[in-house]
Amino acid sequence: GKTRLVSEIAAVVRQQGETLSADTITMDFTNRTMDAKGNCVYVTAESVVYGDEMHLNMDTRTGVVTGARVSNDKFTLSGERINKLSQNRFQAHWGEYSTCKDCPNAWSLEAEDVDLTFGSYAYMSNVTAKIKDAPGFWLPYVILPVKTQRQTGFLFPKFGLSTTNGFEFVLPFFWATSRSTDMTIAAGEYGARGRRTEWEGRYILSPRSQGTANFYNVSDKTFADVKRERWG
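Below, the structure is looked at part by part. None of these values were measured; they are calculated from a predicted model.

We now examine the pairing of strand β6 (residues 76-84). Bridge count for strand β5 (residues 63-71) against β6 is 8 bridges, and the pairing is antiparallel. Directly across from R69, in β6, lies its bridge partner S78. Here 6 bridges tie β6 to strand β7 (residues 89-98), and the two strands are oriented antiparallel to one another. Residue pairing across strands places T76 opposite S98, the latter belonging to β7.

Shown next as structure tokens:
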């Protein structure tokens, strides 16, 4: 019969700019699989994946991570089980998403199903927004940008909760108007006050020649006599 070549090693496997470390790593060269257990950390150019266990294909790097967390400088996705479908695509059942990395989350989105691709979008269903671990609101479906480069498109929405404004939701749109200029246009709602609009323009001509301009408007309904427009 076919001989099955298996090697069990400790600590680290490095290959093509990637590093996998764990308490134990079992490599099956016949079936081309890697099974890592205990304090698993998988580092690539795009992200860092943490897990209690990782079961990956040696050639495609696809597989399953349990007790998982995926992070880069833009976001964190965690879940009891995360499927790694390609170099840049991850799926989770009951996953939690935040733009906060290695810090206490001010907010997060918990979703029954998450399908996330770097440089593209995250598709989430049955979503509960949490603010400081307290449920904020529910949405049946959410599509969020997961952009890693400067390009025109919607940015991640801004959430907040305060005694003055109530629940805050603002959706920004980024417009790369040229190589040296761009702007962000945003619209949303302050639950206790009214509609919110924002604009910010930026330019960089040289390290010593750059600037930023800001504008905002709140259609304030907190006055009993009349709705007042606030500008800034």
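Now that the structure has been shown, we can carry on.
Summed over the entire model, instances satisfying the criterion amount to 3 aromatic pairs. Ring centres of F75 and F118 lie 5.5 Å apart, and the angle between their planes is 55 degrees; this geometry places the pair in the tilted category. One end of the pair, F75, is in the loop between β5 and β6; the other, F118, is in the loop between β8 (107-117) and β9 (120-131), with 43 residues separating them in the sequence. Judged on exposure class, the residue F75 and its partner F118 are both buried. For the pair F90 and F118, a centre-to-centre distance of 5.6 Å together with 45 degrees between the ring planes defines the contact as tilted. With F90 in strand β7 and F118 in the loop between β8 and β9, this residue pair connects regions lying 28 residues apart in the sequence. In this pair, the class of F90 matches that of F118, namely buried. One aromatic cluster is present, built from ring pairs that chain together F75, F90, Y97 and F118.

Let's shift gears to unusual backbone geometry. For N39, which is not glycine, the phi dihedral falls at a positive 50 degrees. In this fold, N39 is placed in strand β3 (residues 33-43). Assessed through its relative accessible area of 60%, N39 is described here as exposed. Positive phi is not limited to glycine here, since R61 has a value of about 65 degrees.

With that settled, consider a nonpolar patch on the surface. On the surface, a nonpolar cluster with roughly 310 Å² of combined accessible area is contributed by Y123, Y141 and I143. Inspection of the secondary structure assignment puts I143 in strand β10 (residues 134-146).

Turning to the nonpolar core, a few remarks are in order. Grouped together as the largest cluster of nonpolar side chains are 37 residues, with contacts concentrated most on M54, L77, Y97, L109, L116 and M124. The greatest single-element share of this core, amounting to 5 residues, is contributed by β8. Filtering out sequence-adjacent residues up to four positions away, M54 remains in contact with L20, M34, D35, A36, C40, V41, Y42, V49, V64 and V65.

This part takes up the pairing of β5. Consecutive residues of a regular strand have side chains that alternate between opposite faces of the sheet. Here 7 bridges tie strand β4 (residues 48-57) to β5, and the two strands are oriented antiparallel to one another. Bridged to V49 within β5 is V70. Two successive antiparallel strands, β4 and β5, enclose a turn made up of 5 residues, where R61 displays a positive phi of approximately 65 degrees. Linking β5 back to β6 in an antiparallel pair, the connection comprises 4 residues.

Structurally, K84 is set in strand β6. Lacking a salt bridge, the buried K84 has E18 as its closest oppositely charged neighbour, with an N-O distance of 6.4 Å. There is a polar contact of 3.2 Å between the side chain of K84 and the backbone oxygen of S86. With residues up to four places along the chain from it excluded, the contact list for K84 reads Y42, L56, R61, T62, G63, R89 and F90.

Here the focus is the environment of T164. Of note, T164 is situated in the loop between β12 (158-162) and β13 (166-175). With relative accessibility at 53%, the residue T164 sits in the exposed group. Residues T164 and Y190, spaced 26 residues apart in sequence, show a C-alpha to C-alpha distance of 9.2 Å. In this view, T164 contacts A192 and R193; residues no more than four positions away in its chain are not counted.

What counts and what doesn't
Residues numbered from 1 in each chain as written. Predicted model: local features only at pLDDT ≥ 70, side-chain atom pairs only at ≥ 80, totals over all residues. Heavy atoms only, no water. Pairing = 2+ DSSP bridges. Helix = DSSP H or I, 4+ residues; strand = E, 2+ residues; numbered from the N terminus. Phe/Tyr/Trp six-rings, centres within 6.5 Å; stacked < 30°, edge-to-face > 60°. Buried < 20%, exposed > 50% of the residue type's maximum accessible area, 1.4 Å probe, protein only. Patch = residues over 30% accessible without salt bridge, like charges linked within 9 Å, V, L, I, M, F, W, Y side chains within 5 Å. Areas by Shrake-Rupley, 256 points an atom, 1.4 Å probe, with all protein chains shown as cover. Salt bridge = Lys/Arg side-chain N within 4 Å of Asp/Glu carboxyl O. Core = buried A, V, L, I, M, F, W, Y, C linked by side-chain atoms within 4.5 Å. Contact = heavy atoms within 4.5 Å. Lys, Arg positive; Asp, Glu negative; His and termini not counted. Polar contact = N/O pair within 3.5 Å; in protein donor to acceptor, adjacent residues only side chain to side chain.

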